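Structural features, examined
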Amino acid sequence: MALDKPYKDIPGTIIFDAEQSRKGYHLNQFCMSLMKAENRERFKADEVAYLNEWPMTPEQKQAVLDRDLNRCMELGGNIYFLAKIGATDGKSFQQMAGSMTGMTEEAYRDMMVNGGRSPDGNRYLHEQSDKK
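Note that the structure is a prediction, hence the values are computed from the model and not measured.

Things to note about the overall build of the chain
Each helix and strand in the chain was counted, giving ten helices and zero strands. Listed by position from the N terminus, the elements making up the chain come as α-α-α-α-α-α-α-α-α-α. Taken across its 132 residues, the chain has 30% of its residues classed as buried. Partitioning the contacts of the chain with sequence separation of at least 6, the portion at a separation of at least 24 is 50%. In the form shown here, the chain has an accessible surface area of approximately 8,400 Å², with 53% of it arising from carbon and sulfur atoms.

Here's the deal with the nonpolar core
Ranked by size, the top nonpolar core spans 21 residues in total, and within it Leu27, Phe30, Phe43, Met56, Val64, Leu82 and Ile85 carry the most contacts. Counting only elements with at least two residues in this core, the list comes to helix 2 (25-33), helix 4 (47-51), helix 5 (58-66), helix 6 (69-74), helix 7 (79-88) and helix 8 (93-101). At four residues, helix 7 tops the list of elements feeding residues into this core. In contact with Leu82, other than residues within four places in its own chain, are Cys31, Leu69, Cys72, Met73, Gly77 and Met96.

What about the state of the cysteines?
Taken as a whole and assessed by the stated rule, the structure comprises zero disulfides. In this model Cys31 remains outside any disulfide bridge; the closest cysteine sulfur is found in Cys72, 6.8 Å from its own. We classify Cys31 as buried; its relative accessible area is 0%. By relative accessible area, Cys72 is classed as buried at 1%.

Observations concerning unusual backbone geometry
At Arg67, a residue that is not glycine, the phi angle is positive and equals roughly 55°. By secondary structure assignment, the location of Arg67 is in the loop between helix 5 and helix 6. A relative accessible area of 24% places Arg67 in the partly exposed class.

Comments concerning the packing of helix 2 against helix 7
Closest axis-to-axis distance for the helix 2/helix 7 pair is 8 Å, and the angle between their directions is 45°. Classified by the interaxial angle, the pair formed by helix 2 and helix 7 is oblique. For the pair helix 2 and helix 7, the crossing hand works out as left-handed. The segment helix 2 lies against helix 7, with Asn28, Phe30, Cys31 and Met32 engaging Phe81, Leu82, Lys84 and Ile85. Grouping the amino acids of the contact of helix 2 with helix 7 by side-chain chemistry returns six nonpolar, one polar and one charged.

A few points about the side chain of Thr88
Its place among the elements puts Thr88 in helix 7. Judged by relative accessible area, which is 7%, Thr88 ranks as buried. When residues no more than four places from it in sequence are discounted, the contact partners of Thr88 are Leu34, Arg40, Phe43 and Lys44.

What counts, and where the lines are drawn
- Residues numbered from 1 in each chain as written.
- Predicted model: local features only at pLDDT ≥ 70, side-chain atom pairs only at ≥ 80, totals over all residues.
- Heavy atoms only, no water.
- Helix = DSSP H or I, 4+ residues; strand = E, 2+ residues; numbered from the N terminus.
- Buried < 20%, exposed > 50% of the residue type's maximum accessible area, 1.4 Å probe, protein only.
- Contact = heavy atoms within 4.5 Å.
- Areas by Shrake-Rupley, 256 points an atom, 1.4 Å probe, with all protein chains shown as cover.
- Core = buried A, V, L, I, M, F, W, Y, C linked by side-chain atoms within 4.5 Å.
- Disulfide = S-S within 2.5 Å.
- Axes fitted to C-alpha atoms, helices over the stretch in contact; angles between N-to-C directions.
- Parallel < 35°, antiparallel > 145°, perpendicular 65-115°, else oblique.
- Left-handed = near helix turned anticlockwise from the far one by under 90°.
- Nonpolar A, V, L, I, M, F, W, Y, C, P; charged D, E, K, R; others polar.

Now the structure itself:
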């Protein structure tokens, strides 16, 4: 895309912009389908068959099967839609966020209660390369 995206310089950050929205349209529609109990039941009964009903990329389908939410976001998933997968699995948003950071739910909760991560070293990629 030709637009200037200065936010691409923020490490570990995926901004759900128009480009991501287009890329993840079918992935996000799949997630929203999980709002209906009958769709959750069908998905849990045969995940591959249910996913194959959606024109998602093979990478998107695999990311869902792996429950790799970070990869889903890279492939256009919106975290608010992806939360439907976690809810289908009986997971809280806090459990999902913890898994996305490589932390236990408890460690993630404690970090957030204590003010979150320090922004030092996490502001811009160019700041990291300037220090070398």
